[in-house]
Amino acid sequence: MNRQEELNQILDKIVPINATALEEGVKVCDHLAKPLGALGKMEKIYAKLYAMFPNKIQLSKKIVMIYVADNGICEEGISSNPIETTFIVANNIRNGKAGVCNIAEHAGSDICVIDIGCKSQIYSDNPDHVLHGTRNMLKEAAMTREEAIEAILVGYRRTVEKINQGYTLFGTGEMGVGNTTTSAAVIAATLGIPAQKVTGYGAGVTEDMKAHKAAVIQEAVTKHAPYSDIIDLVSKVGGLDMLGMVGTYLACAQYQLPCVIDGLISLTGFLIASQLKKEVVDYCFPSHCSTEPGYQIVSDYLGLSPMLQMDMRLGEGSGCPLAFFLMESSVYTIERMPTFEEGKLDRDDYVDIR
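First things first, this report covers the structure right here in the doc. (Residues numbered from 1 in each chain as written. Predicted model: local features only at pLDDT ≥ 70, side-chain atom pairs only at ≥ 80, totals over all residues. Heavy atoms only, no water.)

Observations concerning the pattern of salt bridges
What counts is decided by this rule: Salt bridge criterion: a side-chain nitrogen from Lys or Arg within 4 Å of a carboxyl oxygen from Asp or Glu. Helix and strand assignments come from DSSP, with helices taken as H or I runs of at least 4 residues and strands as E runs of at least 2, each series counted from the N terminus. Relative accessibility under 20% of the residue-type maximum defines a buried residue, over 50% an exposed one, and the middle range a partly exposed one, all with a 1.4 Å probe and only protein chains included.
Tallying each qualifying case throughout the model produces 13 salt bridges. Here glutamate 147 and arginine 135 are joined by a salt bridge, their closest N and O atoms 3.1 Å apart. Residue glutamate 147 is found in helix H6 (residues 145-164), and its partner arginine 135 is found in the loop between strand E2 (110-117) and H6; the two are separated by 12 residues along the sequence. The exposure class assigned to arginine 135 is partly exposed, which follows from its relative accessible area of 28%. Among the salt bridges present, the one from glutamate 161 reaches arginine 158, with a minimum N-O distance of 3.4 Å. With glutamate 161 and arginine 158 both in helix H6, this residue pair falls 3 residues apart, about one helical turn. Salt bridges sharing common partners tie together Arg3, Glu6, Glu150 and Arg157.

Description of the layout of surface pockets
The method is simple in principle: a probe with the dimensions of a water molecule rolls over the atoms, and the space it marks as empty is what remains. Selection rule: Grid points spaced at 1 Å and placed over the protein atoms alone form the basis of the search, with a cavity being a set where a 1.4 Å probe fits but cannot get out and a pocket an open set showing protein on both sides within 12 Å along at least five of seven lines. Lining residues have an atom within 4 Å of a point. Grid points are joined across faces, edges and corners, and a volume is the space filled by probe spheres set on the points. The nonpolar class holds Ala, Val, Leu, Ile, Met, Phe, Trp, Tyr, Cys and Pro. Asp, Glu, Lys and Arg form the charged class, and all remaining residues, Gly among them, are polar.
What the largest pocket holds in volume is close to 520 Å³. If you go around the largest pocket, you meet 34 residues; those closest to its centre are Asn179, Thr180, Ala203, Arg313 and Leu314. For the lining of the largest pocket, the elements supplying multiple residues, two or more each, are helix H4 (84-94), strand E3 (169-175), helix H7 (179-191) and helix H12 (264-276). Broken down by element, the residue count for the lining of the largest pocket peaks at 3 residues, all from H7. Of the residues in the lining of the largest pocket, the class split is 11 nonpolar, 17 polar and 6 charged. The computed volume of the second largest pocket comes to approximately 310 Å³.

What follows is the structure, encoded as structure tokens:
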């Protein structure tokens, strides 16, 4: 079986969320002693989780899958950080010395760092490593179609491995200098909008560098058009990290488990996954609204409503453990609240203003 056939088999196994169970989850919330819909997104979170876990919602074993990859487009001076930063920060994460590590530890979450394409390999023996960073998309395709699909399959296999170890709640994160550039390119090309509208400051650039970054993105997107499909598109102007995350999203959707989206790069990976199979949207939970302009554009396009507005732009999957905490809090609260009968209240006294 070749890689494309393997990917097609995965896509064929993904089905929509159980609509009947989803409605039952809504009814559970509607029977609680409170104004209808008063817990807002907590109720929507609970209903989706209720539909994914037929017996009992289990979220205690959770993990953030962090994909590490370098980007050849950095040769064009689109980032203020040297490419070596990817390797350094990835090792910091592995050693528990990064922001996401502290948030995850506090939330009771594990972390898995996957070197899918770092220029300097993080692990000496690493079957997950697809490339030593992508090629410069301004000069040539970032990767071949086969390499792009392999990156998806790496993410899929590693996620299934974690599912088999008992993990039931996943988040996606990344580390890679230049990946806000590749994300903006994928978004612009996929949605057919000018690069300038989706290009932000990334980890931090000057106004002149931002203008240069947008120009580079637009030139690359135009150079490689037209695109035959989403895989062709992302292989030409995308990154390995976002493709690894696609694999995580597909695995979670196939096994009907919740997966949390972090910031711009995670959302770009999710955009790709949704283009491959629209049903993956049923199983996602966006954590926070990134400050990057492309985030809101894609979020609106996919009809997503992030849980948090924190002005965060760290990356690393840092929004995911925060969302884990909110998801667990939603389940804890709703499953322990009294019903109208138990609270001695009359539901008919409440007007449904949703």
